[in-house]
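Residue strings, one per chain:
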Amino acid sequence: MTIPPTPRHDQLAVAAFVCALLIPPLGVALGIVARGEADGAGRPASGLATAAITVGVVGSVLIAISILFAVGAVALLVFGYLGLVSDFG
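Reading guide: rules and limits
Residues numbered from 1 in each chain as written. Predicted model: local features only at pLDDT ≥ 70, side-chain atom pairs only at ≥ 80, totals over all residues. Heavy atoms only, no water. Helix = DSSP H or I, 4+ residues; strand = E, 2+ residues; numbered from the N terminus. Buried < 20%, exposed > 50% of the residue type's maximum accessible area, 1.4 Å probe, protein only. Contact = heavy atoms within 4.5 Å. Areas by Shrake-Rupley, 256 points an atom, 1.4 Å probe, with all protein chains shown as cover. Salt bridge = Lys/Arg side-chain N within 4 Å of Asp/Glu carboxyl O. Axes fitted to C-alpha atoms, helices over the stretch in contact; angles between N-to-C directions. Parallel < 35°, antiparallel > 145°, perpendicular 65-115°, else oblique. Left-handed = near helix turned anticlockwise from the far one by under 90°.

(A) The overall build of the chain, seen in detail. When you go through the chain residue by residue, the secondary structure sums to three helices and zero strands. Along the chain, helices and strands appear, N-terminal first, in the series α-α-α. Expressed as a percentage of the 89 residues in the chain, the buried residues total 19%. Here the contacts in the chain between residues at least 6 apart in sequence split such that 53% fall between residues at least 24 apart. Total accessible area on the chain stands at roughly 6600 Å², and carbon and sulfur atoms take up 74% of it.

Structure below.
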């Protein structure tokens, strides 16, 4: 009887990485859970889980910056159009 080979990455780490590319905050959460499960089982944490956390955090920061710029641009257009923002000169 042969023992099946262990997968190089656990399935939760793979799911975390895919989610980090599509929905970054969910990828961060799943990556943290995957690392916690690996630590709890006494095996080394998957590099893919760490990559999911990293990609998810960077993606989340980029999304937050994009939202701030969009809100700022809309506010500038609205308040500038209404004449509430004076010229700087």
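(B) Seen up close, the pattern of salt bridges. Applying the stated criterion across every chain, the model contains one salt bridge. The shortest N-O distance in the salt bridge between Asp10 and Arg43 comes to 3.7 Å. Linking Asp10 in the segment before α1 (11–22) with Arg43 in the loop between α2 (24–40) and α3 (47–81), this pair joins segments that are 33 residues apart in sequence. For Arg43, a relative accessible area of 37% corresponds to the partly exposed category.

(C) Focus on the packing of α1 against α2. Two numbers describe how α1 lies on α2: the axes approach to 6 Å, and their chain directions differ by 160 degrees. Classed by the angle they form, the pair α1 and α2 counts as roughly antiparallel. Seen from above, α1 lies across α2 with left-handed handedness. Contact residues: α1 offers Leu12, Ala13, Ala15, Ala16, Cys19, Ala20 and Leu22, while α2 offers Pro24, Leu26, Gly27, Leu30, Gly31, Val33, Ala34 and Glu37.

(D) Here's a closer look at the environment of Val61. As for its position among the elements, Val61 is in helix α3. Val61 sits in the partly exposed class, given a relative accessible area of 43%. Separated by 36 residues in sequence, Val61 and Pro25 place their C-alpha atoms 9.6 Å apart.

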